[in-house]
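Here is what each chain is made of, one letter per residue.
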Amino acid sequence: MGAEITKNMNTGMKNYGAEGFEGVTTTWDLVQKELHCCGVETFADWKNATETFKDGAVPDSCCKGGQAEGCGKAPVDQEKIYTEGCFSLFSDEFNSNLTIVGAVALGIAVGELIAIGFACCLGKRVGRGGAYV
């Protein structure tokens, strides 16, 4: 599953900044700003992604301290950009949230079983008196 996600992220990088793919560009910018990351595995991934970044530049959303116009231009100062890739951070975030989702689902299932137990008890009591509702 991780390999497929990585492949799709790399495909998305190729469409970054392309006409008709504004959603891809916005998504990459949002992910990089929020997770404080750059590229898939490392910031150097952008070098192979598009012609725009072949000289070693990165999107401005990789810049520390917020997206500033032109801060990702080559040559890139690694002290001013996020160097860690987004996949590992995204994966960690997903896995930590998966535990919460699983716990909530388990809680709901237990609640449903309790409700079924009450319904069975109620049905048995009503059935004893011979009255139908």
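Quick note: structure is the one above.
All values reported here derive from a predicted model rather than from experimental measurement. Within any chain, residue numbers begin from 1 and follow the written order of that chain's sequence. For this predicted model, a pLDDT threshold of at least 70 governs which residues receive local features, and a threshold of 80 or more governs which side-chain atom pairs are given and counted, while totals over whole chains, interfaces and linings are taken from all residues. Side-chain numbers come from the whole structure's heavy atoms, not from hydrogens or water.

## Section: unusual backbone geometry
Part 1 of the reasoning: Here the bond from Ala74 into Pro75 is cis, since omega is -5°, no more than 30 degrees from zero.
Part 2 of the reasoning: By the criteria applied, helices consist of DSSP H or I runs no shorter than four residues and strands consist of E runs no shorter than two, each listed in order from the N terminus. Summarising the element assignment, Pro75 is placed in the loop between helix 2 (22-35) and helix 3 (86-129).

## Structural notes on the state of the cysteines
Part 1 of the reasoning: Put simply, a disulfide is two cysteine sulfurs that come within 2.5 Å. Within the structure shown, the criterion is met by 3 disulfides.
Part 2 of the reasoning: There is a disulfide in this structure between Cys37 and Cys86, and the S-S distance comes to 2.0 Å. Taking the sign of the torsion about the S-S bond as the criterion, the disulfide between Cys37 and Cys86, at about 95°, is right-handed. You can see Cys37 sitting in the loop between helix 2 and helix 3 and its partner Cys86 sitting in helix 3, a full 49 residues away along the chain. A single burial state applies to Cys37 and to Cys86, both of which are buried.
Part 3 of the reasoning: Disulfide pairing is shown between Cys38 and Cys62; the S-S distance is 2.1 Å. Think of it in three bands: with a 1.4 Å probe and only protein chains considered, a residue is buried below 20% of the maximum accessible area for its type, exposed above 50%, and partly exposed in between.

## Remarks on the packing of aromatic side chains
Part 1 of the reasoning: A pair of aromatic rings is counted whenever rings of Phe, Tyr or Trp (Trp by its six-membered ring) have centres within 6.5 Å, and the orientation is called stacked for planes under 30 degrees apart, edge-to-face for over 60 and tilted otherwise. Scanning all chains against the criterion turns up 4 aromatic pairs.
Part 2 of the reasoning: Between the aromatic rings of Tyr16 and Phe53, the centroid separation amounts to 5.8 Å while the plane-to-plane angle is 50°, which identifies the pairing as tilted. Note that Tyr16 is positioned in the loop between helix 1 (2-14) and helix 2 and Phe53 in the loop between helix 2 and helix 3, a separation of 37 residues in sequence.
Part 3 of the reasoning: For the pair Trp46 and Phe53, a centre-to-centre distance of 5.3 Å together with 70° between the ring planes defines the contact as edge-to-face. Each of the two residues, Trp46 as well as Phe53, counts as buried.
Part 4 of the reasoning: Connected via pairs of aromatic rings, a cluster forms that spans Tyr16, Trp28, Trp46 and Phe53.

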